[in-house]
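Each chain, letter by letter, is given below.
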Amino acid sequence: MTGHAVTSNDIPLPDLEALRSLARESLRRCGAELPADAGDVVARSPLTGGTLFTLPATGPAEVDAAIGAAAEAFLQWRTVPAPRRGALVKRLGELLTEHKEHLADLVTVEAGKIRSEALGEVQEMIDICEFAVGLSRQLYGRTMVSERPGHRLSESWHPLGVVGVISAFNFPVAVWSWNTAIALVCGDPVVWKPSELTPLTALACDALLARAAADTGAPAGLHRLLLGGRDIGERLVDDERVALVSATGSVRMGKEVAPRVAARFGRCLLELGGNNAAVVTPSADLDLSVRGIVFSAAGTAGQRCTSLRRLIVHEDIADRLVEKIVHAYGQLPVGDPFADGTLVGPLISGSAHDAMRQALADAEADGGKVLTGGERLAAESAPDAVYVRPAVVRMPAQTDVVRRETFAPILYVLTYRTLEEAVALHNGVPQGLSSSIFTQDQREAERFLGADGSDCGIANVNIGTSGAEIGGAFGGEKETGGGRESGSDAWRTYMRRATNTVNYSDSLPLAQGVNFL
Ligand code: NAD
């Protein structure tokens, strides 16, 4: 695909038919069949705002059968030794590597990510497969000392059951892979309900996993794809055969899902909205900070859960830093994400743009001043596409609009005097996903990372809030939902822990010195 990155007010875009052909070809190369072109699931491209294809949603009976097949496959898969389960994930990683370009094309067409971020998202899938393959030989339990002579106390980890994955539009493939690669080596089948906005990437991933399963002799029902909206997600949420519901999306969605899963004593892993902030202290390297801030705030058009939304800057350096940021924003090429040089692609939809406009109006009503951006760029050939200039807004205080997540590129700037004040502002929002501090003062950095510092699941020093590596556990606190997935020991959520006490003595001493019989 070719195009031109421009910063003027009229942007050239690829035409819809070209995107359709590219999507069809990418799917074909991944081995995916495009279902009949009719149905309720509308595959749109935010690049033009036009409809690529319409697809049939999965019906209630098919959802039931898919979960049934996964539950059946579990009975076999849980007995396969974990390193052999790893062979399936190894093959999946090979296929993802082979089809990296095709998958990245689909991510750009469907989610609007610029080329390098789309390739990065697929790389993340490949990385988590490598991680999971290694993990398949490291599902360790602990051995504890027993208080009784001749006894051994230990814990073992076993496959949990069917994992239901519900994912959001903005990471259409990476979030699936974080869950699926780990779940599969842990011995769990996966039933996936992707965002209704990104069905094509899901079809491609599903086809590649089906091929990996066939190549390695894995059972057929191990992976099932459900297409459709919230009603399909709800079926997964309510089904008692689904042991773990791993749901990624808005706080609103999490508040609906969590009580329903809890009501049937299922397990939930929630990855919900963020409202991420960076603190910039007087000792910070300002040029490095600007790069980190602009990537986190404007990258992916502000549509990452970890996007930087609040900048908390010391008042002595605020003017200087803001001037540099505004200057950098002025250089950001907005436009066709396939075009070389474009750094900011489209918003996902018109309603995302409505939310952005509303937030900017609310911020101004609260005394905020828009320093740059916020305007929509005209695209003559595609009036339904939404391309906006990322906005920077200086706020007099952390008002309600700053405390809510608006899924669009708006960076609110607040100032502080003492580090305590900065941390209080930082933590003074309902969400708790990602955070960072830019400083060259080690004490400030350690305080920010300490028990009374950032209250987020991710806390960084001298890098932005977005762009996590797969090796760490990913997730956040408070309204972000408390889930952890991807690296470190996040695998434990996908397994069942059993505590085992073995008596190898000739007597039967009871714990706590109890006497009986
Ligand atoms: P969304 O909440 O609208 O939808 C997410 C998914 O949930 C979709 O598949 C949707 O069909 C499904 N869904 C919605 N309501 C449901 C219900 N009641 N029961 C079952 N399923 C339901 O989110 P979105 O607009 O696709 O994505 C953006 C949001 O996701 C942002 O808030 C962003 O911060 C968040 N997000 C969080 C993470 C994270 O790891 N913390 C990652 C990506 C996105």
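The rules behind the values
- Residues numbered from 1 in each chain as written.
- Predicted model: local features only at pLDDT ≥ 70, side-chain atom pairs only at ≥ 80, totals over all residues.
- Heavy atoms only, no water.
- Helix = DSSP H or I, 4+ residues; strand = E, 2+ residues; numbered from the N terminus.
- Expected span 1.5 Å × (residues − 1).
- Buried < 20%, exposed > 50% of the residue type's maximum accessible area, 1.4 Å probe, protein only.
- Arc of directions from axis to C-beta.
- Pairing = 2+ DSSP bridges.
- Axes fitted to C-alpha atoms, helices over the stretch in contact; angles between N-to-C directions.
- Contact = heavy atoms within 4.5 Å.
- Core = buried A, V, L, I, M, F, W, Y, C linked by side-chain atoms within 4.5 Å.
- Domains from an automatic or database assignment.
- pLDDT = per-residue confidence, 0-100.
- Near = heavy atom within 4 Å.
- Polar contact = N/O pair within 3.5 Å; in protein donor to acceptor, adjacent residues only side chain to side chain.
- Areas by Shrake-Rupley, 256 points an atom, 1.4 Å probe, with all protein chains shown as cover.

Per an unreviewed UniProt entry, the chain carries the name Aldehyde dehydrogenase family protein and comes from Streptomyces achmelvichensis.

1. So, helix H12 (residues 350-365)
Relative to the 22 Å expected for 16 residues at 1.5 Å per residue, H12 spans 23 Å between its end C-alpha atoms, a close match to the ideal helical length. Restricting attention to buried positions, one finds in H12 the residues Ala 352, His 353, Met 356, Ala 359, Leu 360 and Ala 363. All buried residues of H12 fall inside an arc of 120 degrees around its axis, so they share one side. Looking at H12, the residues exposed on the side facing more than 90 degrees away from the buried face are Ser 351, Arg 357 and Ala 365. Of the residues trailing H12, Gly 367 is marked for its positive phi of about 95 degrees.

2. Description of the sheet that holds strand S5 (residues 162-166)
Pairing is parallel in the open sheet, where five strands are placed in the order S7-S6-S5-S8-S9. Each having just a single partner strand, strand S7 (223-225) and strand S9 (267-271) make up the two edges of the open sheet. Strand-to-strand twist of the sheet, defined as the mean angle between neighbouring strand axes without regard to direction, takes the value 15 degrees. Bridging between strand S6 (residues 190-193) and S7 involves three bridges; their strand directions are parallel. Bridge pairing in S7 places Val 191 opposite Arg 224. Helix H7 (residues 199-216) contacts S6 and S7 of the sheet and is inclined by roughly 160 degrees relative to S7. Set on the sheet, helix H9 (residues 251-263) makes contact with strand S8 (242-248) and S9; between it and S9 the angle comes to about 170 degrees.

3. Let's talk about the nonpolar core
One finds Leu 200, Val 280 and Leu 311 to be the most contacted residues of the largest nonpolar core, which totals 140 residues. When residues of this core are assigned to domains, at least three map to each of domain 1 (20-272 + 481-497) and domain 2 (276-474). Setting aside chain neighbours within four positions, we find Leu 200 in contact with Ala 23, Leu 27, Leu 34, Ala 43, Leu 52, Phe 53, Leu 55, Leu 106 and Glu 110.

4. Section: the confidence of the model for the chain
Residues at a pLDDT of 70 or more form 98% of the chain, whose mean pLDDT is 96. Every residue in residues 1-8 is under pLDDT 50, and counting partners more than four places away or in other chains gives 25 contacts.

5. Regarding the site of the ligand
Near the ligand, the surroundings consist of 29 residues, among which Lys 193, Glu 196, Ser 250, Glu 256 and Glu 405 are the closest. Phe 169 places a main-chain nitrogen or oxygen 3.2 Å from an oxygen atom of the ligand. Within the contact set of the ligand, an oxygen atom lies 3.3 Å away from a backbone nitrogen or oxygen of Gly 249. Contact with the protein chains hides 92% of the accessible area of the ligand, taken as 850 Å² for the molecule alone. Among the elements of the structure, helix H8 (230-238) and H9 are those that each provide at least two residues to the shell around the ligand. In terms of residue count, the dominant contributor to the shell around the ligand is H9 (four residues).

6. Quick notes on unusual backbone geometry
The backbone of Ala 301 shows a phi angle near 50 degrees, a positive value even though the residue is not glycine. Structurally, Ala 301 is set in the loop between helix H10 (286-298) and strand S11 (308-314). Residue Ala 301 is classed as buried on the basis of its relative accessible area of 2%. Of note, the phi angle at Leu 517 is positive, near 60 degrees, even though the residue is not glycine. Of note, Leu 517 is situated in the segment after strand S23 (495-503).

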